[in-house]
Amino acid sequence: MPLFSEKATPPPSDDKRWKIVDGTIRRHGREPYALIEVLHTVQETFGFLTDDALRYVAVSLRVPYSKVYGVATFYHFFSMKPPGEHTCVVCTGTACYIKGAASLIDAVQQEAGIAPGETTKDAKLSLLTARCLGACGLAPAVVFDGDVSGKLTGDGMKDRVRQYLQTESKAVGVGA
Amino acid sequence: MNHEELGNVAVKAREAEGQYKHTIKVCMAAGCLSSHADQVKAEIEREVKHRGLDQCCKVKGVGCMGLCAAGPLVADKNNEKMFQGVTASDAAAIVDAVVDNKPVHEAIVLDSNLDFFKRQQKIVLENSGEIDPEKIEDYIARNGYEALFHALMNLKPLEVIEHVTKSGIRGRGGAGFPTGLKWTAVAKATGAHKYVICNADEGDPGAFMDRSVLESDPHRVLEGMAIAAYAVGADRGYIYCRAEYPLAVKRLRTAIKQAEQHGLLGQNIGETHFDFKVEVRLGAGAFVCGEETALIASVEGGRGTPRPRPPFPAQAGLWGEPTLINNVETFANIAPIIRKGGDWYASIGTEKSKGTKVFALAGRVKNTGLIEVPMGISLRDIVFKLGGGIPDGRKFKAVQTGGPSGGCVPQQFLDMSVDYESLASVGAIIGSGGMIVMDETSCMVDVAQFFMDFCASESCGKCVPCRVGTKQMLGILKRIVNGEGSEEELAMLTELAQMVKSSSLCGLGQTTPNPISTTLRYFMDEYQAHIHDKQCPSGVCMQKKAAEVGA
């Protein structure tokens with residue numbers, strides 16, 4: 001694979017979702033400064049960043065792979081691990097911290113046996129933390145599968161986690 | 001669009017609004033949406049239609065009304081009747097109350113005469129909770145883009161800057177640098193292109209002013225940026241917004257598109273020779289990107305690490321060209337300043353801190369939400385009048401202002417005036433506007449550890465004092481919290497704090513020790529109790545330790 005090619009490089013697989021990524025790359029005229037924007041699109045589309053994706057982005061934007069890797073690992077928003085079927089993001093901002101975010105994390109830990117940044121073995125649930133969701137009026141706040149819920153308690157949290165763990169797995173591949 | 005056409009749009013929008021005898025406003029900002037305000041709005045709309053009232057009662061999605069903790073919030077046209085904690089099943093009762101003036105059950109009534117509402121003075125937030133943030137006509141109806149036209153048609157760029165200088169406004173992002181000076185520096189600098197960047201990377205935990213402004217009144221920020229671009233001679237702008245704020249990003253993109261369609265952004269704005277194109281750039285969760293040189297590195301697509309200044313971004317910023325960077329709230333203040341004049345703005349506030357400031361009031365306080373107050377108000381008024389005091393009969397302990405760069409202000413300074421100088425004199429800062437109230441159940445050593453944990457993980461790693469210093473300070477704090485600290489370590493903590501403060505490269509490192517310094521200064525007894533008595537006076541730390549041992 002040439003490092004810098006004048007022609008557009010073919011995507012790593014014939015997965016149709018690459019077309020979405022190509023769209024963002026084209027919209028920015030394959031300019032190197034679009035790196036973060038393109039990584040956002042990859043993560044939105046695939047759920048996380050794979051090594052293949054990083055290499056493809058590097059060649060497409062004519063940016064060294066080392067830089068792409070550096071950027072992808074510098075920012076907390078980007079994840080290089082596949083998320084579980086459900087995600088639960090606990091806000092650990094100051095207001096949520098004061099109002100007991102730690103006990104919410106403990107609740108998940110007790111119920112599902114995972115620490116922040118981990119996914120259950122059956123890939124059902126991932127536990128993540130966020131620096132601040134800006135939903136301080138609702139502290140402590142948690143994002144369940146993209147929906148913000150506020151004023152949570154440890155018990156309420158355990159109930160939600162139990163529901164997630166008991167649901168039937170959808171027939172989807174990991175990371176989809 | 002020229003000025004006359006703008007006036008026509010405003011008249012038409014006001015007429016359309018005036019057709020309705022009643023208006024029911026439903027808050028559609030992120031806080032209320034997360035408690036299902038969208039369902040409430042849909043149900044009220046259905047109810048209004050069902051009763052055949054859709055010709056006389058308008059149901060309108062609006063931006064943040066401020067009292068986020070009581071959401072979803074609903075109000076009538078003049079905010080005389082307000083409702084809190086509304087669910088879809090309350091729709092009929094609300095329509096009854098607004099249209100037929102019938103009483104509703106106590107639980108959802110919100111007293112619109114609360115100090116929380118009455119004591120505010122709104123400039124930045126004057127449209128929040130009033131206009132539909134997704135409709136440019138609503139903004140234009142309330143004098144939107146008038147200031148831009150006034151600047152383009154009647155003022156020279158230097159006169160615009162003069163107004164901003166005269167207003168005395170200082171940067172609302174945290175550092176409080178005089179905005180007029182910054183603009184002057186960029187206007188004087190020479191380059192092939194100049195850029196205007198809006199810093200919407202609101203990273204301070206416990207702060208949500210910028211999110212709320214962007215979600216509630218995005219055009220206000222765009223207008224401020226356009227005026228700034230005209231004043232300093234820029235032709236391109238970027239809004240660097242946190243990816244954690246999807247709704248703000250969506251509304252911003254909608255607003256940019258609408259402004260372009262109306263010829264208020266893009267080429268030949270207002271049929272003059274002024275061009276200004278704005279794009280949104282997404283952050284990716286790095287606190288340090290709030291620092292202006294780190295932000296520039298991130299807009300350029302790289303790792304967000306700061307670089308030494310000078311050269312300042314005003315001389316060599318984005319792609320080496322002169323760049324003006326201001327915070328969301330600063331830009332949101334510009335249109336009123338140009339419309340009403342710098343002198344008007346300077347008449348509000350204290351001698352050295354002009355205007356109003358938006359604060360995000362949260363933590364152990366009854367009324368959590370967003371407030372806008374004149375500079376110089378006392379901290380006591382904010383916490384006990386607007387905030388309604390501490391719930392559950394507990395005792396006030398401290399207010400944490402300015403996030404990880406700020407400090408904890410204890411009880412004895414409650415009557416202090418809230419302005420840049422006063423807060424700095426007690427070791428805290430106004431910062432971007434986060435205010436977290438703490439009561440006796442919060443341990444100040446634990447709070448210091450919380451912020452240090454934050455800073456240690458957010459340190460970009462470029463300079464040694466910050467990268468290593470934060471780790472070392474965190475280690476000592478952890479030992480103290482666990483009852484393993486010693487007097488020597490406390491002395492080392494003080495020394496490290498001084499070292500990191502004086503030798504770090506950027507603002508993040510230089511202000512990182514502030515939470516430690518202020519807690520050491522005002523709550524030394526709590527540190528001592530942890531070290532000598534192996535006890536946490538607030539019962540926070542040892543409990544945690546016991547839980548860990550038990551687990």
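### Quick word on the sheet that holds strand β8 (residues 277-282) of chain B
Residues and elements named next belong to chain B.
- If you trace the four strands from one edge of the open sheet to the other, you get β8-β7-β6-β9, paired in parallel fashion. In this open sheet, the two strands that pair with only one neighbour each are β8 and β9 (323-327). The average angle at which neighbouring strand axes cross in this sheet is 20°, direction not considered.
- Inspection of the sheet shows strand β6 (residues 195-200) paired to strand β7 (residues 236-241) by six bridges, in the parallel sense. The residue of β7 that forms the bridge with I197 is Y238.
- Strand contacts of helix α11 (residues 218-232): β6, β7, β8 and β9, with the helix running at about 150° to β6, the strand carrying the most contacts.

### A word on the packing of helix α19 (residues 464-481) of chain B against helix α20 (residues 487-503) of chain B
Residue and element names in this part refer to chain B.
- Running from N to C, α19 and α20 point in directions that differ by 155°, and their axes come no closer than 10 Å. One finds that α19 runs roughly antiparallel with respect to α20. The way α19 lies across α20 gives a crossing that is left-handed. Facing α19, whose interface residues are P465, C466, G469, T470, Q472, M473, I476 and R479, α20 presents E489, M492, L493, L496, A497, M499, V500 and S503.
- The residue inventory of the contact of α19 with α20, partitioned by class, reads 10 nonpolar, four polar and two charged.

### Re the domain arrangement of chain A
- Assigned domains within chain A: domain 1 (18-74) and domain 2 (86-166).
- Computed over C-alpha atoms only, the centres of domain 1 of chain A and domain 2 of chain A are separated by 29 Å.

### Describing the confidence of the model for chain A
- On average, chain A scores 89 in pLDDT, and the residues at 70 or more come to 91%.
- When mean pLDDT is compared element by element in chain A, helix α4 (residues 65-74) of chain A scores highest at 97, while strand β4 (residues 147-149) of chain A scores lowest at 87.

### Digging into the interface of chain A and chain B
- Taken together, the contact between chain A and chain B spans 32 residues of the former and 38 residues of the latter.
- Secondary-structure elements contributing two or more residues to the side of chain A that touches chain B are α2 (35-46), α4, α5 (94-98) and β4 of chain A.

### As for the sheet that holds strand β1 (residues 22-27) of chain B
All names here are of chain B.
- Taken together, the five strands give an open sheet; going across it, the order is β2-β1-β3-β4-β5, and neighbouring strands pair in mixed fashion. One side of each edge strand has no neighbouring strand; the edge strands of this open sheet are β2 (57-62) and β5 (109-110).
- Bridge count for β1 against β2 is six bridges, and the pairing is parallel. Bridge pairing links C27 to V62 in β2.

Calculation notes
- Throughout this document, residue positions are counted from 1 along each chain, in the order its sequence is written.
- The lettering of chains begins at A and the numbering of ligands begins at 1, in the order of writing.
- In view of the model being predicted, local features appear only for residues whose pLDDT reaches at least 70, and side-chain atom pairs are presented and counted only at 80 or more, with totals across whole chains, interfaces and linings using the full set of residues.
- Whether two strands pair depends on DSSP finding at least two bridges between them.
- Strands are runs of DSSP state E lasting at least two residues, helices are runs of H or I lasting at least four, and both sets are numbered from the N terminus onward.
- For every element, the axis is a line fit to its C-alpha atoms; helices are fit only across the contacting stretch, and the angle between N-to-C directions ranges from 0 to 180 degrees.
- Any residue pair is listed as a contact if its two C-beta atoms, each placed from the backbone, are within 7 Å.
- Oblique is the label for any angle not under 35 degrees, not over 145, and not in the 65 to 115 range, which are roughly parallel, roughly antiparallel and roughly perpendicular in turn.
- Each helix crossing is assigned a hand: it is left-handed if the near helix lies turned anticlockwise from the far helix by less than a right angle, otherwise right-handed if that turn is clockwise.
- For this classification, Asp, Glu, Lys and Arg are treated as charged, while Ala, Val, Leu, Ile, Met, Phe, Trp, Tyr, Cys and Pro are nonpolar and the rest, including Gly, are polar.
- Domain boundaries shown here were taken from an automatic or database domain assignment.
- pLDDT gives the predictor's per-residue confidence on a scale running from 0 to 100.

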